[in-house]
Amino acid sequence: MTLDNITQNFKDFGNKNLQIAEQSFHSFSKLGFPTPKNEEWKYTDVSSFVNLDFNWDSASTLTKAQIEAIFIKGLEANNLVFVNGKFKQEFSQILSPSSEVFIQSLDEAVNQNIDLINNYFAKEIDYQNNAFSALNVAFASNGLFIHVPKNTYVQLPIVVYFINDSRTEQVFSQPHNIYVAQEGAEVSISEIFVSEGSQPAFSNHITEISLDRNAKVQYNKVQIETGENYHVGTTQVRQLKDSIFTGTTVTLGGKIVRNNLNILLDDQHCEGNMNGLYLLDNESHVDNHTVADHAKPNSVSNELYKGILSGHSTGVFNGKIFVRQDAQKTQAYQSNKNILLSDTASMNTKPQLEIWADDVKCSHGATSGQLDEQALFYLRARGIGEATAKAMLVMAFAKDVVEKIQLEPLRHHLMDLIETKLQQS
Amino acid sequence: MLKIDNLHANIGEKEILKGLNLEVKAGEVHAIMGPNGAGKSTLSSVLAGRSDYDVTAGTVDFRGKNLLDLSPEDRAREGVFMAFQYPIEIPGVSTTNFLKTAVNEVRKYKGQEPLDAISFLNMMKEKMKLVQIDQALLSRSLNEGFSGGEKKRNEVFQMAMLDPKLAILDETDSGLDIDALRIVANGVNSLKSKDNAFIVVTHYQRLLDYIIPDYVHVLFNGRIVKSGTKELALELEEKGYDWIKEEVALG
Ligand SMILES: Nc1ncnc2c1ncn2[C@@H]1O[C@H](COP(=O)(O)OP(=O)(O)OP(=O)(O)O)[C@@H](O)[C@H]1O
Ligand SMILES: [Mg+2]
């Protein structure tokens, strides 16, 4: 993707209805794609894929039956489907009544509810400095707008499938989602990134989540793409008073993946939980950048990211905790634990705490090491073969994070995928 | 069943077993006593196949096989069981799931079908009774947060589940209260048969009131320096190890 063809594409597909789009495009033109010289991209080199010749408007021949085969078994949910970045009404099924939740594709919402969208769109997105965010915002027209009204509990979970079908060509997709939980609302939203086909596919993804007072949002981001998939995503969360956000990011596939999860705890007594699990093999590279930004007093953030790396894979964890001067009595906890299953895998962890308030409780810890030899011996001494014993220990390690997901069928699905993947590596 | 001949083992540069000989026949119970640091746990670990130790000389024959050639799992599958002196905690792995995997891997090795869920549960129940271990304990993660005594009991429970040919109990009595001691001993006694054998490592003659040994050995400085019958244990209880050390010093 050269600037020339991106500019041409902007003329063709840029979002003319959103004023920010134009600004954002200029910002992108100025920034260009980041290089490892940029501190934020020091360990993640995107040059290998951003220059590929992606199709921005790729068609797909996936059938309803093929799509339904992708759905998580046994999970009764509102299923929303995107293929190559475009919302597919015909494959989607909304079961919850509209009184519980309002779900619309972003372009429809822009056409019909522009004032509402303007309240939320790209409010906290740093398109001035982050080129990928700028690129996404400039083109944003595909995505979901989910709105849960005041004091409403959405009984059925919402599951959004982002499918890249690269069976015939190189695919580029840019979903931009906005999820709003109004005061006292409660909802579970999962984003599942899947792929079909072996050609390169690149998702440049943004999700913005807004929690009003007392709202509760469970958010899962699950990356189970296979093959040559590239992913850069930002999930931007803003919390108001007494709200609880729990985000769990599980990455089981992808060649180069960068996930940003930024939580702004913008009020008192918020609880922000960030959990992550990544299971990497071969040459894959996964970079999780998180931010817990405590702007006001008395809020809590908890963070647990765990990684299992084999082959020549590389992992990055960068966890920022900001405690603003105002944010007295903040509690912020962060932990990153990794198991390296091969000598050639490597992990780079960087906690970054910036604390301006004086009365706070913060802790962070990071470990990277091999599987516990003693535990392995214990299992083997009872007749369990080495490979099985290793898998049992890794599963036990991973389970901790997977169990944070409240959807049982999704948990089972993930544990099965992890088991299969461990047997292969 | 087991014949250890001139066994030498090092950890790093340090020699710990220095020419150890021991023969155990089917149906026998052997007690091994000896001062701290003598090498009792080292012997147990070497037999179980822990890789921290280098065997530098000697042979170990177990039912016609060269035990030292086998991986830890194959030793277990052949019927060697070691109850750890310090069982470790394994978070996230439930005892039940762990034992089911273990039992079925051993069965597979022997060419037997895996146990179905019901047969396995029945077997669990039966063995739980034997060592009076609580179901609640077994649904927790393996040894995680178990008391010292509970861990030891869990070792004996695992032994009962795996029904080994040769069980090596490394200080399984340490940390047990009197009732637990009796329960564990009863467990061992009811598993005892003419086809299996036990090596019981202990510091206390007390255990040997419940598990009557056929032989008592003293392991000192990497070798078995004295063997006798259960009266030897009484003598050690009374006199300590100094006289043995003197005998050794005199050659
Ligand atoms: N990793 C190690 N590095 C160095 N020395 C070791 C190591 N592990 C054990 N040893 C030494 O080997 C010797 C034998 O230890 P072992 O645990 O076999 O003794 P033991 O007879 O079981 O003692 P106890 O009665 O206290 O359980 C001791 O001197 C011990 O310090
Ligand atoms: Mg010992």
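Caption draft 1: The arrangement of the overall build of chain A in detail. In terms of helices and strands, chain A carries ten helices and 20 strands. Taking 22 Å as the expected radius of gyration for a compact globule of 425 residues, we find that chain A reaches 21 Å, a close match to that expectation. Across its three principal directions, the C-alpha atoms of chain A cover 65 × 55 × 45 Å. Scored against the burial criterion, the 425 residues of chain A give a buried share of 59%. Look at the contacts in chain A between residues 6 or more apart in sequence, and 84% of them connect residues 24 or more apart. Working note: accessible area of chain A is about 16700 Å², and carbon and sulfur atoms make up 45% of it.

Caption draft 2: A look at the overall build of chain B. If you tally the helices and strands in chain B, you get ten helices and twelve strands. For 251 residues, the compact-globule formula gives about 18 Å, and the C-alpha radius of gyration of chain B, at 18 Å, lands near that figure. Out of the 251 residues belonging to chain B, those deemed buried represent 55%. When the accessible surface of chain B is summed, it comes to about 11200 Å², and 47% of that surface belongs to carbon and sulfur atoms. Positive and negative side-chain charges of chain B, numbering 31 and 37 respectively, have mean locations separated by a distance of 3 Å.

Caption draft 3: Representation of the coordination of the magnesium ion (ligand 2). Distances from the magnesium ion (ligand 2) to its protein donors, Ser41(B) (OG) and Gln85(B) (OE1), fall within 2.0 to 2.1 Å. Of this pair, Ser41(B) sits in helix H1 (residues 40-48) while Gln85(B) sits in the loop between strand E6 (80-83) and strand E7 (90-94), and the two are 44 residues apart along the sequence.

Caption draft 4: Expanded view of the side chain of Ser284(A). All names here are of chain A. Here Ser284 shows up in the loop between strand E14 (271-280) and strand E15 (285-294). A distance of 2.9 Å separates a polar side-chain atom of Ser284 from the backbone oxygen of Asp281. Those residues in contact with Ser284 that lie beyond four places of it in its chain are Gly254, Lys255, Ser313 and Thr314.

Caption draft 5: Up close: the site of ligand 1. Residue and element names in this part refer to chain B. As a structural note, the neighbourhood of ligand 1 is formed by 14 residues, with Gly37, Lys40, Ser41, Thr42 and His203 the closest of them. Between ligand 1 and Gly39 there is a distance of 2.9 Å, counted from an oxygen atom to a backbone nitrogen or oxygen. One of the side-chain N or O atoms of Lys40 is found 2.7 Å from an oxygen atom in ligand 1. Bound to the protein, ligand 1 loses 63% of the 640 Å² it would expose on its own. Taken together, the elements giving at least two residues each to the shell around ligand 1 come down to strand E2 (14-24) and H1.

Caption draft 6: Fine view of the packing of helix H9 (residues 386-402) of chain A against helix H10 (residues 408-424) of chain A. All names here are of chain A. Contact pair H9 / H10: the axes reach a minimum separation of 11 Å and the direction vectors enclose 150°. Judged by the angle between their axes, H9 and H10 are roughly antiparallel. Regarding H9 and H10, the two cross each other, and that crossing is right-handed. The residues of H10 that touch H9, namely those facing Ala391, Val394, Met395, Ala398, Lys399 and Val402, are Arg411, Leu414, Met415, Ile418, Glu419 and Leu422. Taken together, the residues that form the contact of H9 with H10 break down as nine nonpolar, no polar and three charged.

Caption draft 7: Structural context of the environment of Asn275(A). Residues and elements named next belong to chain A. By the secondary structure assignment, Asn275 is in strand E14. Using a relative accessible area of 5% as the deciding quantity, one classes Asn275 as buried. Taking the C-alpha atoms as reference, Asn275 lies 24 Å from Gly311; in sequence the two are 36 residues apart.

Caption draft 8: Here's a closer look at the sheet that holds E6(B). All names here are of chain B. Spatially, E6-E9-E10-E3-E11-E12 is the arrangement adopted by the six strands of the open sheet, whose pairing is mixed. Each edge of the sheet is formed by a strand with only one pairing partner; in this case those strands are E6 and strand E12 (223-228). Shown here is a sheet whose adjacent strand axes are inclined to one another by a mean of 20°, direction ignored. With four bridges joining them, E6 and strand E9 (residues 166-170) adopt parallel strand pairing. The residue of E9 that forms the bridge with Phe81 is Ala167. Across the face of the sheet, helix H10 (residues 242-250) comes into contact with strand E11 (215-220) and E12 while running at roughly 115° to E12.

Caption draft 9: Inspection of the domain arrangement of chain A at higher detail. Residue and element names in this part refer to chain A. The domains assigned to chain A are domain 1 (3-267) and domain 2 (373-425). The gap between the C-alpha centroids of domain 1 and domain 2 is 30 Å. Each partner contributes residues to the interface: domain 1 has 16 residues there, and domain 2 has twelve residues. Where domain 1 abuts domain 2, roughly 1200 Å² becomes buried across the two surfaces, and 76% of that area is made up of carbon and sulfur atoms. If you sort the residues of domain 1 by the area they bury against domain 2, Ile72, Gln218 and Leu252 come out on top, with a joint share of 38%. At the junction of domain 1 with domain 2, the criterion picks out zero salt bridges. Inspection of the region where domain 1 meets domain 2 yields two residue pairs in polar contact (both at pLDDT 80 or more).

Caption draft 10: Structural view of the interface of chain B and chain A. Counting from both sides, the interface comprises 29 residues of chain B and, opposite them, 17 residues of chain A. Between chain B and chain A the total buried area reaches about 1900 Å² when both faces are included, carbon and sulfur atoms providing 65% of it. A salt bridge links Glu73(B) to Arg380(A), with the shortest nitrogen-to-oxygen separation between them at 2.6 Å. Counting across the chain B and chain A interface gives twelve residue pairs in polar contact (both at pLDDT 80 or more). Only helix H2 (72-78), E6, E7, helix H3 (95-109) and helix H6 (148-162) of chain B provide two or more residues apiece to the side of chain B that touches chain A.

Caption draft 11: Region of interest: the nonpolar core. With 120 residues, the main nonpolar core has Ile418(A) and Leu2(B) as its most contacted residues. A domain split of this core shows at least three residues from each of domain 1 (3-267) and domain 2 (373-425) of chain A. The residues contacting Ile418(A), other than those within four sequence positions of it, are Leu252(A), Leu277(A), Leu279(A), Met395(A), Ala398(A) and Val402(A). Formed by 41 residues, the second largest nonpolar core is a distinct cluster that contains Leu80(A), Phe162(A), Tyr179(A) and Val217(A).

Conventions used here
Residues numbered from 1 in each chain as written. Chains lettered and ligands numbered in written order. Predicted model: local features only at pLDDT ≥ 70, side-chain atom pairs only at ≥ 80, totals over all residues. Heavy atoms only, no water. Helix = DSSP H or I, 4+ residues; strand = E, 2+ residues; numbered from the N terminus. Rg over C-alpha atoms; globule rule 2.2 N^0.38 Å. Buried < 20%, exposed > 50% of the residue type's maximum accessible area, 1.4 Å probe, protein only. Contact = heavy atoms within 4.5 Å. Areas by Shrake-Rupley, 256 points an atom, 1.4 Å probe, with all protein chains shown as cover. Lys, Arg positive; Asp, Glu negative; His and termini not counted. Charge placed at Lys NZ, Arg CZ, Asp CG, Glu CD. Donors = N, O, S within 2.8 Å, 3.2 Å for Na, K, Ca; no water. Polar contact = N/O pair within 3.5 Å; in protein donor to acceptor, adjacent residues only side chain to side chain. Near = heavy atom within 4 Å. Axes fitted to C-alpha atoms, helices over the stretch in contact; angles between N-to-C directions. Parallel < 35°, antiparallel > 145°, perpendicular 65-115°, else oblique. Left-handed = near helix turned anticlockwise from the far one by under 90°. Nonpolar A, V, L, I, M, F, W, Y, C, P; charged D, E, K, R; others polar. Pairing = 2+ DSSP bridges. Domains from an automatic or database assignment. Buried area = accessible area lost by both parts, 1.4 Å probe. Salt bridge = Lys/Arg side-chain N within 4 Å of Asp/Glu carboxyl O. Core = buried A, V, L, I, M, F, W, Y, C linked by side-chain atoms within 4.5 Å.

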